[in-house]
Amino acid sequence: MALYILNDPNIPMYIPLKTQYEISMIKALNRKRIPTKTLRQTSDAGFMADDPQAVLLIPEFNASSTELILFCNKNNIPVIVLHSANTLVPFLTFSGIYGHSYTDERAILQYCIGAGKKRLALFGFKNVSPDRDHADAIYNIYPQFTQNDLFQRTVGFEQCFTDFFPRRYEYDAILCANDFIAACLLKKLKQLDDDYAKSRFIIGISNTYISKLFKTTITSVTYSRDDVVQAVAVTYRVLLHNKNHLTSINYLLPTKIFPRESTRHIPLPEKNISLPAVKSLREPQLKFAEISQNFNEGADLKQLIVLENMFVTFDKLDFQILLYFMKGATNTEIANRLFITPQALQYHTRQMFEYTKTSGKQKFISLISEYISAENLESYISSPDFLQ
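This write-up is about the structure you can find in this document. (Residues numbered from 1 in each chain as written. Predicted model: local features only at pLDDT ≥ 70, side-chain atom pairs only at ≥ 80, totals over all residues. Heavy atoms only, no water.)

**Overview of the packing of helix H12 (residues 316-326) against helix H15 (residues 361-371)**
Argument step 1. Running from amino to carboxyl end, H12 crosses H15 at an angle of 95 degrees, the nearest separation of the two axes being 10 Å. Between H12 and H15, the angle falls in the class roughly perpendicular. On H15, the residues touching Leu 322, Phe 325 and Met 326 of H12 are Lys 361, Phe 364, Ile 365, Ile 368 and Ser 369. (Axes fitted to C-alpha atoms, helices over the stretch in contact; angles between N-to-C directions. Helix = DSSP H or I, 4+ residues; strand = E, 2+ residues; numbered from the N terminus. Parallel < 35°, antiparallel > 145°, perpendicular 65-115°, else oblique. Contact = heavy atoms within 4.5 Å.)

**Some points on the pairing of strand S8 (residues 173-176)**
Argument step 1. Burial along S8 is two-sided: Ala 173 and Leu 175 facing one way and Ile 174 and Cys 176 facing the other are all buried.
Argument step 2. When strand S6 (residues 120-125) meets S8, the two strands line up parallel, connected through four bridges. Each bridged residue has a counterpart across the sheet, and for Leu 120 the counterpart in S8 is Ala 173. (Buried < 20%, exposed > 50% of the residue type's maximum accessible area, 1.4 Å probe, protein only. Pairing = 2+ DSSP bridges.)

**Some details on the packing of helix H11 (residues 299-313) against H15**
Argument step 1. Running from N to C, H11 and H15 cross one another at 105 degrees; their axes reach a closest spacing of 11 Å. When the axis of H11 is compared with that of H15, the two are roughly perpendicular. Only Phe 364, Leu 367, Ile 368, Glu 370 and Tyr 371 of H15 make contact with H11, whose side of the interface consists of Asp 300, Gln 303, Leu 304, Leu 307 and Met 310.
Argument step 2. Across the contact of H11 with H15, the residue classes break down as seven nonpolar, one polar and two charged. (Nonpolar A, V, L, I, M, F, W, Y, C, P; charged D, E, K, R; others polar.)

**Quick notes on the sheet that holds strand S10 (residues 219-222)**
Argument step 1. Spatially, S7-S6-S8-S9-S10-S12 is the arrangement adopted by the six strands of the open sheet, whose pairing is mixed. Edge strands, defined here as strands with exactly one partner in the open sheet, are strand S7 (150-152) and strand S12 (256-258). Averaged over all neighbouring strand pairs, the angle between strand axes comes to 20 degrees, with direction disregarded.
Argument step 2. Bridge count between strand S9 (residues 201-205) and S10: three bridges; the pairing is parallel. Paired with Ile 205 across the two strands is Val 221, which belongs to S10.
Argument step 3. Helix-sheet contacts for helix H4 (residues 101-114) involve S6, S8, S9, S10 and S12, and the interaxial angle to S9 is about 165 degrees.
Argument step 4. Of the strands in this sheet, S6, S7 and S9 are in contact with helix H5 (residues 129-141), which crosses S6 at around 170 degrees.

Now the structure itself:
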């Protein structure tokens, strides 16, 4: 009896860092009487056939995992796939756990309209599936939104910003393709028109560490990682107890909005705002431009992604060391305050320098201080959702 989690290094499966963190939380279900095991090679799948209560968890659907799912289907082994609906691959049977773009966009529109922000722009979207899904959802839910309100990244961030900036006063709310785009937009707006940035809603997607630690904290929309773990546990138990009567489940995760400084901490509306019911898709459909071969994300965007990847690897001690760095403490003071040896501190700091490709403490602090606020970092460390 076990929940087998696929982690085969030979499968060319892209696992986002957010999903990796979710998997680490799912493995902790061992403490809730759901034993978990790691399936390190698909060739070991035969062992699952000998376990009458086996369930397979695949972190991200990939064409390379098709044969494994077919094997499970033939051997009556339930399969759970994160971030994918089984309706998208009708010849395979599996349970999907995922957020839904229409649910996200309804929540965003209700939040914006409830605060009197009715002129919405989509910023930094490009011709990839997740971006198209979110943009199409807004387009089909909100009649006021038009093709002209979609600002796409076809060459890169700078091109998108150049298109948007002269028209910024047409909008009082901007939904960005992700938190990193929102951070870059905020940085540019604060340099060129700080009053505008302070008076508008700027919203990201994913609730990353950057959204919590950036100099202007970013309101973000996503599902909760705790909800992912709960969904896996519920789906696992339901599938096991109903193997003869149930083949699959589509588990739709609830949307959560985390209001922060980029929307002036304005709380969510107490009542749902009425939005038009979608009875059919709008025509003509949104058009998405092809991405240029000369596409360049820009230095800020690349650096923010590097920082996010580093934060995902951090434990409590790493964040505390980072905070003391930003407050100007010496290495001796940090080691004494955190009750660690100088060697342990050196190990942790060396990892940080390697991640950011900085050659020493001062260059590292200078880089971090360009994007991250010590005040926001200290607030995050002391908050109930620290490392959640």
